[in-house]
Amino acid sequence: MTPTILNPNTLPYNDNVNPYAFCVDLSQPWFMRKGAMIAYYGTANFEALGVTNLASMVAARFSSPLYANDWVVVSGQGKVVIGDRGYDINSYDIDAGNLTIKASNLLGFETGLELKQSIVPGFLTLIGTGKFLASSNGPVMFAEPPVRVDPEALLGWADCPSPSHHYDAGWMQGFLGAMGGMVLGLQSGEERQFDFTGEGTVLLQSSEEPRPDPAIARALESQLYGVDHAGLTRIQSVVQQRLMSQQP
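Helix and strand counts for the chain stand at four helices and 16 strands. Nonlocal contacts in the chain, meaning residues at least 24 apart in sequence, comprise 78% of its contacts between residues at least 6 apart. Counting every atom, the chain has about 13500 Å² of accessible surface; 56% of that belongs to carbon and sulfur.

Structure below.
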């Protein structure tokens, strides 16, 4: 089978090149996560959000200081091919709606959408009308609430309330018996789930493999100013335990 040789005429218009790559047409600016670009044809200007000539648009459309350094705004005339380490890439259209997505999976979005920082750590909310791109570890599944979801398998949710935490009875008994000794311990999805209720749609990926998100560490750092000495000592102990558990 002869492979298709890609060029500006054979690349699709705002569509998948294959399951693992997507072609963005720069007929309008896009917000794009750093490192997502594989190749481009034509003229593409990749500008940091803090130094772009489109500063007023960025200020109106990107409202998440924790993630600002992880993104660029792309403008010009051409086509940009993006990917994410061989993960599946899907495009989604929002029509005067809102959708919350795991930040480490969001790759890009049109400037008709406004990005805000979710109250759930590690997630971002898109509001308005436009297209966005997200990667997933395996095909995406869609579920209706009420449903409980493994946190690592959760990709996002649309048009429904933010989830609450649900802990199983065995974990709660252990927690109460240890008088809080497991507060910051490692839990699996079988012990802790996100509980969705109401109307809407929940997006799931087909794997529980965690994706690192450096912004979560930045969010934790921003909360340390309100922690006293005893709390900082407790956090230090937990961090040391986690570091030891992750040693090869």
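Quick look at the environment of D15 now. With respect to the secondary-structure elements, D15 resides in strand β1 (residues 15-18). When the C-alpha positions of D15 and S91 are compared, they lie 7.6 Å apart, and in sequence the two are 76 residues distant. Residues contacting D15, with those up to four places away along its chain left out, are F22 and C23.

Take a nonpolar patch on the surface next. Together, M37, Y40 and F46 make up a nonpolar patch on the protein surface, roughly 250 Å² of accessible area in all. The residue F46 is located in strand β4 (residues 37-48) in this model.

Overall, antiparallel pairing links the three strands, which are arranged β12-β15-β14 in an open sheet. Each of the sheet's edge strands pairs with one partner strand only, and the pair in question is β12 (147-149) and β14 (164-167). Here the strands of the sheet are splayed against their neighbours by 40° on average, with no regard to which way each runs. In the sheet, β12 pairs with strand β15 (residues 192-196) via three bridges, with the strands oriented antiparallel. The residue of β15 that forms the bridge with V149 is F194.

A few words on the environment of N18. Among the secondary structure elements, N18 is positioned in strand β1. In this structure, the C-alpha to C-alpha distance between N18 and I89, residues 71 residues apart in sequence, is 8.7 Å. A distance of 2.7 Å separates a polar atom in the side chain of N18 from the backbone nitrogen of Y20.

This part takes up the packing of aromatic side chains. Tallied over the entire structure, the rule returns eight aromatic pairs. For the ring pair F31 and F109, a centre distance of 4.8 Å and an interplane angle of 20° mean the geometry is stacked. One end of the pair, F31, is in strand β3 (residues 30-33); the other, F109, is in strand β8 (residues 106-110), with 78 residues separating them in the sequence. The same class applies to F31 and to F109, which are both buried. Measuring from ring centre to ring centre gives 6.1 Å for F62 and W71, while their planes differ by 55°; the resulting arrangement is tilted. Summarising the burial analysis for this pair, F62 and W71 share the class buried.

For the rest of this paragraph, the subject is unusual backbone geometry. Note the cis peptide between P145 and P146, where omega equals 0°. Phi is positive for N14, close to 45°, though the residue is something other than glycine. You can see N14 is positioned in the segment before β1. Here N14 falls in the buried class, since its relative accessible area comes to 12%.

Tallied over the full model, the rule gives five salt bridges. Taking the shortest distance from any N to any O, the salt bridge between D84 and R85 comes out at 3.1 Å. For R85, a relative accessible area of 62% translates into the label exposed. E114 is paired through a salt bridge with K116; the nearest N and O atoms lie 2.9 Å apart.

Looking now at the pairing of strand β10 (residues 123-136). Where burial is concerned, most of β10 is hidden: 12 out of the 14 residues are buried. By the bridge criterion, 13 bridges tie strand β7 (residues 88-102) to β10 in an arrangement that is antiparallel. The partner of S91 across the bridge, within β10, is L133. When β8 meets β10, the two strands line up antiparallel, connected through three bridges. Following the sheet pairing, G108 is matched in β10 by L133. With five bridges connecting them, strand β9 (residues 113-117) and β10 associate as antiparallel partners. Each residue of the ladder has a partner; that of L113, found in β10, is G128.

The rules behind these values
- Residue numbers restart at each chain and count upward from 1, following the sequence in its written direction.
- Reporting in this predicted model follows two pLDDT cut-offs: at least 70 for local features of residues, and 80 or more for side-chain atom pairs to be given and counted; totals over whole chains, interfaces and linings ignore these cut-offs and use all residues.
- No hydrogens and no water enter the side-chain calculation; it runs on all heavy atoms of the structure.
- By definition, any uninterrupted DSSP run of H or I lasting at least four residues is a helix, any uninterrupted run of E lasting at least two residues is a strand, and each is numbered from the N terminus.
- Contacts are assigned to residue pairs that have any heavy atoms within 4.5 Å of one another.
- Under the convention used here, a 1.4 Å probe and the Shrake-Rupley method define accessible areas, while residue burial counts only the protein chains that appear.
- The patch calculation keeps residues exceeding 30% relative accessible area without a salt bridge and links them within 9 Å when they carry like charges or within 5 Å when they are nonpolar (Val, Leu, Ile, Met, Phe, Trp, Tyr).
- Every case where a carboxyl oxygen of Asp or Glu lies within 4 Å of a side-chain nitrogen of Lys or Arg is listed as a salt bridge.
- Only when DSSP finds a minimum of two bridges between them are two strands counted as paired.
- Whenever a helix is involved, its axis is fitted only over the stretch in contact; in every case the axis is a line through C-alpha atoms, and angles between N-to-C directions fall within 0 to 180 degrees.
- N or O atoms within 3.5 Å of each other form a polar contact, as long as, within protein, one can give a hydrogen and the other can take it, and as long as residues adjacent in sequence are counted only when both atoms are side-chain atoms.
- Aromatic contacts are taken between Phe, Tyr and Trp rings whose centres are within 6.5 Å, Trp giving its six-membered ring; a plane angle under 30 degrees counts as stacked, one over 60 as edge-to-face, and the others as tilted.
- Buried means the residue's accessible area, taken with a 1.4 Å probe over protein chains only, is under 20% of the maximum for its type, while exposed means over 50%, and partly exposed covers the values in between.

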